[in-house]
Amino acid sequence: MTVAMAPPKISSARLIVCYAAILGTLPYLTLKASWVTGGSLGLRDPSIVDSDLMLLANLATGGMDVVAVVLALAFTYSWGRRIPAPLVLFPIWIGTGLLTPIVLDLPVIVADLSTARLAELPLENWVWAVVYGGFAWQGILLLTAFVLYARDRWWFVVTGTVKPGTIGASGVLGIVAALVCAAFHAIWAFGPGGIAARGQDIVIAVLTILAVLALANVSRGRFWPRLVLVWTGAGAMAGTGAWGLFAALTMGSADHAVVLAVQVAGGVLMMISVLRRLPAVEQTT
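Attention in this report is confined to the structure presented alongside it. Being a predicted model, the structure only gives us computed values, none of them experimental.

Focus: the overall build of the protein chain
Helix and strand counts for the protein chain come out as nine helices and zero strands. Secondary structure elements of the protein chain occur, N-terminal to C-terminal, as α-α-α-α-α-α-α-α-α. The C-alpha radius of gyration of the protein chain comes to 20 Å, within 12% of the 19 Å expected for a compact globule of 285 residues. By its C-alpha atoms, the protein chain is 65 × 50 × 30 Å across when sized along the principal axes. By the burial criterion, 42% of the 285 residues in the protein chain qualify as buried. Sequence-distant contacts, at least 24 apart, represent 79% of the contacts inside the protein chain between residues at least 6 apart. If you sum the accessible surface of the protein chain, you get close to 14800 Å²; carbon and sulfur atoms cover 72% of it.

Printed below as a string of structure tokens:
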């Protein structure tokens, strides 16, 4: 006779992190639901969301937050460990890349919004606080949930030693692309635009350089701190690059398109390189 084993008890801390992260998505999802259904919540000028392009953008960004909700649940409940690793890792990697720069740049964003002429913009003042506050909230709590999940599912990454080898051609090409993109972001940081956008450029440039240093020295010392730096920096390259490329091409402003495409490719190549050096384990979950 087979005795069914009860699933492990979920700690109160993980439940709090999970549902707090989900709670942080609700204001943003409410705004997106209103806008895609013809509502005017938070809009001074409702006509700005009438175009097909804005409908697509709102569906895409709202969909990202739906994915965040699913990930928060997967990181907490036992069924999440049965999801194939790529289906978990890819969206949270992109999410890390999109949310971490916002979290790190939040003081600059707040300062920019406090001095900007918000009354001249098509959104109500409180919408900016909801959007950026929600992103920062999700960035902290969703990534906390992921760290707890990854620690349980891929424990050997923390305890194991780096797999022998080199960073390979993907690593070399990724580093070259990263250095090029870091240089451009540094230049853009001293160009025109609000201080929040320029702060984002500085954050992305710094995260990119840290990822380059970590990947170049991946065989030295403990592996997991270098993995974290590459994961974050390469994710910032791929996530912000892909979003910037989408915005540039759809808005008809492709001035930075080539650099952003190189940025996305570089982030992917660096991530491929570091994943090839993951510590081995006899049996993974």
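Quick word on the nonpolar core
Of all hydrophobic cores here, the largest spans 43 residues; its most connected members are Phe75, Ile92, Phe146, Met270 and Val274. Sequence-distant contacts of Ile92, that is, excluding residues within four places in its chain, are made with Leu71, Phe75, Leu142, Leu143, Phe146 and Trp231. Leu43, Leu123, Trp128 and Val131 belong to the second largest nonpolar core, which has 14 residues in total.

A short note on a nonpolar patch on the surface
A contiguous nonpolar patch, built from Leu179, Ile202, Val206, Ile209, Leu210, Leu213 and Leu229 and spanning about 560 Å² of accessible area, is present on the exposed surface. Among the elements that make up the nonpolar patch, the one with the highest residue count is helix H7 (residues 195–216) (five residues). With respect to the helices and strands, Ile202 occurs in helix H7.

Observations regarding the side chain of Ser273
Relative to the elements of secondary structure, Ser273 occurs in helix H9 (residues 257–275). The class of Ser273 is buried, set by a relative accessible area of 0%. Once residues lying within four places of it in the same chain are set aside, the contact partners of Ser273 are Ile167, Ser170, Gly171 and Leu215.

Things to note about the environment of Leu29
Relative to the assigned elements, Leu29 resides in helix H1 (residues 12–36). Remark: the alpha-carbon pair of Leu29 and Leu56, spanning 27 residues in sequence, is separated by 15 Å. For Leu29, the residues in contact, after removing those within four places along its chain, are Gly62, Asp65, Val66 and Val69.

Digging into the pattern of salt bridges
Using the criterion set out here, one finds three salt bridges in the structure. Across the pair Asp152 and Arg14 runs a salt bridge, and its minimum N-O distance is 2.5 Å. On the criterion of sequence distance, the pair formed by Asp152 in helix H4 (residues 125–153) and Arg14 in helix H1 is long-range, its members being 138 residues apart. Here Asp152 falls in the partly exposed class, since its relative accessible area comes to 27%. For Arg14, a relative accessible area of 15% puts it in the buried group. If you follow the salt bridges from partner to partner, you end up with Arg14, Arg151 and Asp152 in one network.

Conventions used here
- Residues numbered from 1 in each chain as written.
- Predicted model: local features only at pLDDT ≥ 70, side-chain atom pairs only at ≥ 80, totals over all residues.
- Heavy atoms only, no water.
- Helix = DSSP H or I, 4+ residues; strand = E, 2+ residues; numbered from the N terminus.
- Rg over C-alpha atoms; globule rule 2.2 N^0.38 Å.
- Buried < 20%, exposed > 50% of the residue type's maximum accessible area, 1.4 Å probe, protein only.
- Contact = heavy atoms within 4.5 Å.
- Areas by Shrake-Rupley, 256 points an atom, 1.4 Å probe, with all protein chains shown as cover.
- Core = buried A, V, L, I, M, F, W, Y, C linked by side-chain atoms within 4.5 Å.
- Patch = residues over 30% accessible without salt bridge, like charges linked within 9 Å, V, L, I, M, F, W, Y side chains within 5 Å.
- Salt bridge = Lys/Arg side-chain N within 4 Å of Asp/Glu carboxyl O.

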